[in-house]
Every structure is written in structure tokens, then in C-alpha cells.
Amino acid sequence: MYLNNIVEAIGNTPLVRLNKVTDGIKGTVLAKVEYLNPGNSVKDRMALKMIDDAEKAGILKPGGTIIEGTSGNTGMGLALGAIARGYKCIFVMSDKQSKEKQDILRAVGAEVVICPVDVEPEDPRSYYSVARRLTAETPNSFYPNQYDNLSNTAAHYESTGPEIWKQTEGAITHLACGVGTGGTICGTAKYLKEQNASVKTVGIDTYGSVFKKYKETGEFDKNEIYPYKTEGIGEDILPKNVNFDLIDLFIKVTDQDGALMTRRLAKEEGLFVGWSCGSAVFGALEYAREHLQEGDTMVVILPDHGTRYLGKIYNDDWMRAQGWL
Ligand code: PMP
């Protein structure tokens, strides 16, 4: 029994009950452990789907170059897909992403271009703009654009949603998930709500991001946008993959609360996960404390692995320097 290549190992990640951090919560809270994908993140799923769909549409051709703006995890998924299918990769990242993520992408053969984070998305130096420019300049290139490419949502509609439905035997009542491009929560939510319309979805947002206010008021409030440190969730744009009708409410989590909960997940649950995982669990538990009933089953998606944050939230000196320990 063997797989033909590593991308065939994507998906079918375990659902693991949280036992300690959930102290005092009614109902069951289960974590979908996405770091057990081969690229160590949830983004493997959509990366492969974006490649598959682009090949089918004839947009991605043999010998082509994949160019993407990524916080790191999508890049890893695309790099694995590119190796399996024979493409080159150039990834454009902002300088706020951890050094580990840059090194990991270079380790799997990608070229990495670093851009400043503290510029407007429309600024020619932003990682969105640079990714677009490189695509225009590079022959036979493909820009997946994970923000607006609906293959992203479709990947989770086809895999993450059905897996959770099957693993909980239809008992899921609540889904909590961080929101970056929105693909994970919206694809998963769409499938689950089709099975049972009463499944409630909680989007986890960061302070410094536009989502929560936009959901509540319909206003794109630029005052909501300011620098924050959590990686992978929150945005200063409205990606097409965010379908606000599928996200019932948003909860904002601070960088510090997310970081401290991430460290607890490692020490108390043995889940050595990434920063946004702590944010997702912190926000999920805040909601659960008030609303979860006996017999309810909440699933929280944990997007990636702790190795990517060894120099930050798992480093006591770094944590102390933030004033968080
Ligand atoms: N957490 C991490 C670490 C991520 O890299 C991402 C992807 N941006 C997310 C959460 C959010 O997932 P999505 O883009 O599907 O909303």
C-alpha cells in the first residue's frame, strides 16, 4: 500500500477532543488537527485544488511558474503540488511572517520575495501588488490568488466539511474557525449548513482586521485596520472567499490571548500548533462559555503547526519582549 506522491496524503486529518483548556465548558469541543497534512497546514487542501482547477481550465500549463502572495502555508501546499506536477514556484510574502516560513518555502525549492507589511494593499510595494507584477512579467506563469479564487472555498466544501460531518456522525452543532482568505470557514460551513441548517458558525478575527465590523455594519471601516502580530487571520481587504452569509458571527481575539492559548494547547493538550490555532480556540471557548449546552459538539479548526512559530510565541525571550509573559 503506497501513495504515488506526497500530495495524495492531503486531508483526512483527525478530530481530537480538547480535555483541559475546556475546563468549565458544557458540551464537547473537538479540534480538527490540520498540521497532520503533509505541508503541516490546512492550506494544502486548497493549494492542490487551485492547481487542479487551473490545469483543467488550461490556465496552468506544463513547465509553468506558480506565483502567489502567501503568509507561508499556502506556499507550502503549492510547493508540494508543484513538485508533484513539475512546476516552478515564486512566493511573495510580507516581512511580518515568521522567518521559519520563509526558510521552509526555500527548503522545498521555491523562490521567496519579501515585501513590507506596513503599506496599503494598492501600494506597488505591497505583496498583493508585487505578486501581480511578477505574474505579468513572467512567461507561462499562473497567479492562483487565494483571496479571490473560489477553488479555495470549493476545496473545503469537498473535503473539510464532509470529513467533519462524517467524523462527528452529524452531531456537530458549532464550527469555529479563523478567517483569513475565508476559504476554510466558508467552504466547510457551506457543506455543514447544507446537511443541517442549524449548525452555527463562529469566525475568529483579529484586532486590526476589517471582518467583524463589516459583518455587523456592512461598513468597510479603515479605522479598524492597524498592524497586529497574529499570522494568517484577519485582513485589510474583503476577499471573495469570505461569504458573510455563511459566518454567523465574528469574535476578535488579541495577539496576546491567541499566543498564550497556543502555548497552553501545546503544554496541556499535546497539540504543538500555530499561533492562529490559539486564537481560534480562545475565541471558540469565549463563545462556548456562554452559549454551548450539554450535548452540543463544537469543532474548532487548528490550521497549522508550531514549528513555524518557534522564534516567536514559543520563545520565552520573544514573549517577554512583547510583555506577554
Ligand atoms: N491560520 C493560518 C496560520 C493561516 O495560514 C491561514 C491562511 N491564511 C488561516 C489561519 C486562515 O485560513 P483561511 O485563509 O482559509 O481563512
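Residues numbered from 1 in each chain as written. Predicted model: local features only at pLDDT ≥ 70, side-chain atom pairs only at ≥ 80, totals over all residues.

Going by what an unreviewed UniProt entry lists, the chain is known as Pyridoxal-phosphate dependent enzyme and is assigned to Hymenobacter telluris. For the record of the chain, the UniProt heading Cofactor (unreviewed entry) holds the text "pyridoxal 5'-phosphate". (UniProt positions renumbered as here; feature names shortened; annotations may be inferred.)

Caption draft 1: Quick look at unusual backbone geometry. Located in the positive-phi region is N40, a residue other than glycine, with phi close to 65°. Tracing the backbone through its elements, the reader meets N40 in the loop between β2 (28-33) and α1 (43-56). Positive phi outside glycine occurs at N140, with the angle close to 50°. Relative to the helices and strands, N140 resides in the loop between α4 (127-137) and β6 (141-142). For N140, a count of 12 C-beta atoms within 10 Å corresponds to the exposed category. (Helix = DSSP H or I, 4+ residues; strand = E, 2+ residues; numbered from the N terminus. Buried ≥ 20, exposed ≤ 12 C-beta atoms within 10 Å, placed from the backbone.)

Caption draft 2: Fine view of the sheet that holds strand β4 (residues 88-94). In spatial order, the strands read β5-β4-β3-β6; together these four strands make up an open sheet with parallel pairing. With partners counted over all chains shown, the strands left at the sheet margins are β5 (111-115) and β6, one partner each. As paired strands, strand β3 (residues 65-69) and β6 are joined by two bridges and run parallel to one another. By the bridge assignment, I66 is partnered in β6 with F142. Helix α3 (residues 99-107) rests against β4 and β5 of the sheet, and its axis sits at about 155° to β5. (Pairing = 2+ DSSP bridges. Contact = placed C-beta atoms within 7 Å. Axes fitted to C-alpha atoms, helices over the stretch in contact; angles between N-to-C directions.)

Caption draft 3: Representation of the sheet that holds β2 within the structure. One open sheet holds the six strands; their spatial order is β1-β2-β10-β7-β8-β9, and the pairing between them is mixed. A single partner strand is all that each edge strand has here, and the edge strands are β1 (15-17) and β9 (249-253). With strand direction ignored, the average angle separating the axes of adjacent strands in the sheet is 25°. Pairing between β1 and β2: three bridges, direction antiparallel. Looking at β2, one finds that R17 is bridged to L30.

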